[in-house]
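Here are the chains, one letter per residue:
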Amino acid sequence: MNLRDQILIDNQRTFLNIKEFADIYIIDGEKVKAVLNSATDNKHPLAYAEGVSLVTDTLHVDVLELGFTPEQGSWMKIDGKDFKVIRVGSDKGMLALYLEANVG
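In what follows, the accompanying structure is described. Here the structure is a predicted model, which is why all the values come from computation and not from measurement.

Calculation rules
Residues numbered from 1 in each chain as written. Predicted model: local features only at pLDDT ≥ 70, side-chain atom pairs only at ≥ 80, totals over all residues. Heavy atoms only, no water. Helix = DSSP H or I, 4+ residues; strand = E, 2+ residues; numbered from the N terminus. Buried < 20%, exposed > 50% of the residue type's maximum accessible area, 1.4 Å probe, protein only. Contact = heavy atoms within 4.5 Å. Areas by Shrake-Rupley, 256 points an atom, 1.4 Å probe, with all protein chains shown as cover. Pairing = 2+ DSSP bridges.

### Examining the overall build of the protein
Regarding its fold elements, the protein presents two helices and six strands. Starting at the N terminus, the α and β elements of the protein follow one another as α-β-β-β-α-β-β-β. Burial statistics for the protein: of 104 residues in total, 30% are counted as buried. For the protein, the share of sequence-separated contacts (at least 6 apart) that also reach a separation of at least 24 residues comes to 44%. When the accessible surface of the protein is split by element, carbon and sulfur atoms take 50% of a total near 6800 Å².

This is the structure in structure tokens:
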């Protein structure tokens, strides 16, 4: 076994383990194990919408479990909330999806 194979195993056994880091999310109607990191910038509300803040999230998910690679600029529904895909990164089978959502 080489390092790349071990990384793939570690992604599943540890990072995407729901007893460790991951949670189950409903993504576009499907149950998917993923890690979602959220950050709300309440200090800088959107200038064009009073009382609305920008939420930026990063979703880490196995491309095989998600079943597709979203395109930059596309929209995803995660647990009933709409997110715009700002950037897509991929490394050794894992996707890092940088997302934005407006919340009021």
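### Considering the environment of K92
One can find K92 in the loop between β5 (81-91) and β6 (94-103). For K92, a relative accessible area of 34% translates into the label partly exposed. Sequence-wise, K92 and N11 are 81 residues apart; in three dimensions their C-alpha atoms are separated by 9.4 Å. The residues contacting K92, other than those within four sequence positions of it, are I7, L8 and N11.

### Digging into the environment of M76
Looking at where M76 falls in the secondary structure, it is placed in strand β4 (residues 75-78). Note: C-alpha distance between M76 and L99 (23 residues apart in sequence) is 8.8 Å. With residues up to four places along the chain from it excluded, the contact list for M76 reads I27, D28, L66, F68, P70, K81, D82, F83, V85, L97 and L99.

### Quick notes on the side chain of T58
Mapped onto the secondary structure, T58 falls in strand β3 (residues 53-62). If sequence neighbours within four positions are ignored, T58 has contacts with V35, L36, N37, L97 and Y98.

### Section: the pairing of β5
The side chains of a regular strand alternate, first on one face of the sheet and then on the other. Relative to β5, β4 is paired through four bridges, and the arrangement is antiparallel. The residue of β5 that forms the bridge with M76 is F83. Between β4 and β5, which pair antiparallel one after the other, the connecting turn spans two residues, and D79 there sits at a positive phi close to 50°.

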